[in-house]
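These are the residues of each chain, in order.
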Amino acid sequence: MAREFTEDEVVELARRAYRHGAAGVQLVPDRAALLVIDMQDEFVRPGWTPYWVPEATLRAPLLARLVMACRARGVPVLYTVFSATHHYLDRPGSGAAMPSRYPELGAGDPAWFRDGRIWHELAPKLGEVVIHKPSYGAFYDTPLETILRNLGRDTVIITGTLTNLCCGTTARQAYERGYHVAVGSDVTATNDPAVHEYELMTLRYGFARVLTADEIVAALDADDGRSTAASATAPPRRIRP
């Protein structure tokens, strides 16, 4: 029956969803892929650039364990980095105007964001894909969607840095393309811990299932025994062509 809602009711509904909401996203090993977003030296190596994210350095060992757990369960691990692609002509035109570039520091070291070297604790194994992307979101102007389709994956588990920029943008892009999205709360990081928590709230509210690394592994294990039988009977989830 239709009824009116009070201001207090709608605020309380929103607060619960932001803080405690749990999206109905299952993590099935043979349908999921782990995305390791931009865990490269520029963001993880202590003190090397003004873009260093100390929390990313602290969380790298836990993320490394999650990477190993996913490999052991047959979940593909895909990496993204920023590097000197196409002489930087593939970047959004307004990027240089953003405060995040710290213009007050002047020209940066030309070695920064040139090679896209992933932090040594998270080094890809032979055969794992590394995507060199031109902007925040991992789907923008990259082959990520084609790669996921060819792998038969319709669920992405997002980890890395920065939570509120590259990770959050990738989560939104995946959601809009019909993917099921999970975000690792303790294997993502940004340069302001308060902003990290606010971004997780937004993602939890409308885009993704937010889980700790241990919860991701437990969810993968919970669905592992059912995935083979389920995939034989269930119709495939539709992903944008």
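Before reading on, note that the structure itself is shown above.
The following refers to the structure shown. All values derive from a computational prediction rather than experimental measurement. What you see as residue numbers is a count from 1 along each chain, following the sequence as written. The predicted origin of the model limits local features to residues at a pLDDT of at least 70 and limits the giving and counting of side-chain atom pairs to 80 or more, whereas totals for whole chains, interfaces and linings rest on all residues. Hydrogens are left out, water is left out, and the side-chain values use all remaining heavy atoms of the structure.

What to know about the packing of helix 1 (residues 7–20) against helix 6 (residues 193–206)
Item 1. Axis geometry follows a simple rule: fit a line to the C-alpha atoms, using only the stretch in contact for helices, then measure angles between N-to-C directions, giving values from 0 to 180 degrees. Runs of E in the DSSP output that reach at least two residues are strands. Runs of H or I that reach at least four are helices, and both are numbered from the N terminus. Relative orientation of the contacting elements helix 1 and helix 6 amounts to 110°, with a least axis distance of 7 Å. Judged by the inter-axis angle, helix 1 sits roughly perpendicular to helix 6. Together, Ala14, Ala17, Tyr18, Arg19 and His20 of helix 1 and Met201, Thr202, Arg204 and Tyr205 of helix 6 make up the contact between the two elements. For classification purposes, angles smaller than 35 degrees are called roughly parallel, those larger than 145 roughly antiparallel, those between 65 and 115 roughly perpendicular, and all remaining angles oblique. In what follows, residue pairs with any heavy atoms lying within 4.5 Å of each other are defined as contacts.

Side note on the packing of helix 5 (residues 163–176) against helix 6
Item 1. One can describe the packing of helix 5 onto helix 6 by two numbers: an axis separation of 10 Å at closest approach and a directional angle of 5°. By the angle between their directions, the pair helix 5 and helix 6 is classed as roughly parallel. Seen from helix 5, the contacting residues are Thr163, Asn164, Gly168, Ala171, Arg172 and Tyr175; seen from helix 6, they are Val195, His196, Glu199, Leu200, Thr202, Leu203 and Gly206.
Item 2. Throughout, the ten residues Ala, Val, Leu, Ile, Met, Phe, Trp, Tyr, Cys and Pro are labelled nonpolar, Asp, Glu, Lys and Arg are labelled charged, and all others, Gly among them, are labelled polar. Residue composition of the contact of helix 5 with helix 6, by class: 5 nonpolar, 6 polar and 2 charged.

A closer look at the pattern of salt bridges
Item 1. The salt bridge definition used is simple: a Lys or Arg side-chain nitrogen within 4 Å of an Asp or Glu carboxyl oxygen. Here the structure, examined in full by the defined rule, presents 12 salt bridges.
Item 2. A salt bridge links Asp221 to Arg73; the shortest N-O distance between them is 2.6 Å. With a gap of 148 residues between them, Asp221 in helix 7 (residues 213–233) and Arg73 in the loop between helix 3 (54–72) and strand 2 (77–81) connect regions that are remote in the sequence.
Item 3. Only protein chains enter the area calculation, which uses a 1.4 Å probe; residues under 20% of their type maximum are buried, those over 50% are exposed, and those in between are partly exposed. The class for Asp221 is partly exposed, based on a relative accessible area of 39%.
Item 4. For Asp115, the salt bridge is made with Arg114, and the minimal N-O distance between the two is 3.2 Å.
Item 5. The class of Asp115 is partly exposed, set by a relative accessible area of 41%.
Item 6. By relative accessible area, which is 44% here, Arg114 ends up partly exposed.

Observations concerning the state of the cysteines
In protein structure, a disulfide is the covalent linkage between the sulfur atoms of two cysteines.
Item 1. A pair of sulfur atoms, both from cysteines and within 2.5 Å, is called a disulfide here. According to the stated counting rule, one finds 0 disulfides in the structure shown.
Item 2. Take Cys166: it sits in no disulfide, and the sulfur closest to it among the cysteines is that of Cys167, at 6.8 Å.
Item 3. For Cys166, a relative accessible area of 3% corresponds to the buried category.

Some remarks on the sheet that holds strand 2
Item 1. Between any two strands, pairing holds if DSSP finds at least two bridges. The strand order across the open sheet built from 6 strands is 3-2-1-4-5-6, with neighbouring strands paired in parallel fashion. Only two strands of the sheet have a single neighbouring strand rather than two, namely strand 3 (130–132) and strand 6 (209–211). Each strand of the sheet is rotated relative to its neighbour by a mean of 25°, with strand direction disregarded.
Item 2. Here 6 bridges tie strand 1 (residues 32–37) to strand 4 (residues 155–161), and the two strands are oriented parallel to one another. Of the residues in strand 4, the one forming a bridge with Leu35 is Ile158.
Item 3. Seen against the sheet, helix 3 touches strand 1, strand 2, strand 4 and strand 5 (180–189) and runs at an angle of roughly 135° to strand 5.
Item 4. The strands touched by helix 4 (residues 144–151) within the sheet are strand 1, strand 2, strand 3 and strand 4, with strand 2 carrying the most contacts at an inclination of about 175°.

Some thoughts on the pairing of strand 4
Every other side chain in a regular strand lies on the same face of the sheet, so the side chains alternate between the two faces.
Item 1. In terms of burial, strand 4 is a largely internal element, 7 of the 7 residues being buried.
Item 2. Residues of strand 4 alternate between two faces, with Thr155, Ile157, Thr159 and Thr161 on one and Val156, Ile158 and Gly160 on the opposite face, all of them buried.
Item 3. The sheet contact formed by strand 4 and strand 5 spans 6 bridges and is parallel. Looking at the pairing, Thr161 lines up with Ala189 of strand 5.
Item 4. The parallel pair strand 4 and strand 5 is bridged by helix 5, and the resulting crossover is right-handed. Looking down the strands as they point away from you, a crossover is right-handed if its path from the first strand over the helix to the second goes clockwise.

As for the environment of Thr161
Item 1. Its location among the elements puts Thr161 in strand 4.
Item 2. Filtering out sequence-adjacent residues up to four positions away, Thr161 remains in contact with Ile37, Asp38, Met39, Phe43, Val53, Ala56, Cys166, Cys167, Ala189 and Thr190.

Digging into the packing of aromatic side chains
Item 1. Only rings of Phe, Tyr and Trp enter the pairing, Trp through its six-membered ring, and a pair is recorded when the two centres are within 6.5 Å. The plane angle decides the type: under 30 degrees is stacked, over 60 is edge-to-face, the rest tilted. Here the structure, examined in full by the defined rule, presents 8 aromatic pairs.
Item 2. The rings of Phe43, Tyr51, Phe82, Tyr102, Trp112 and Phe113 are connected pair by pair, giving a single aromatic cluster.

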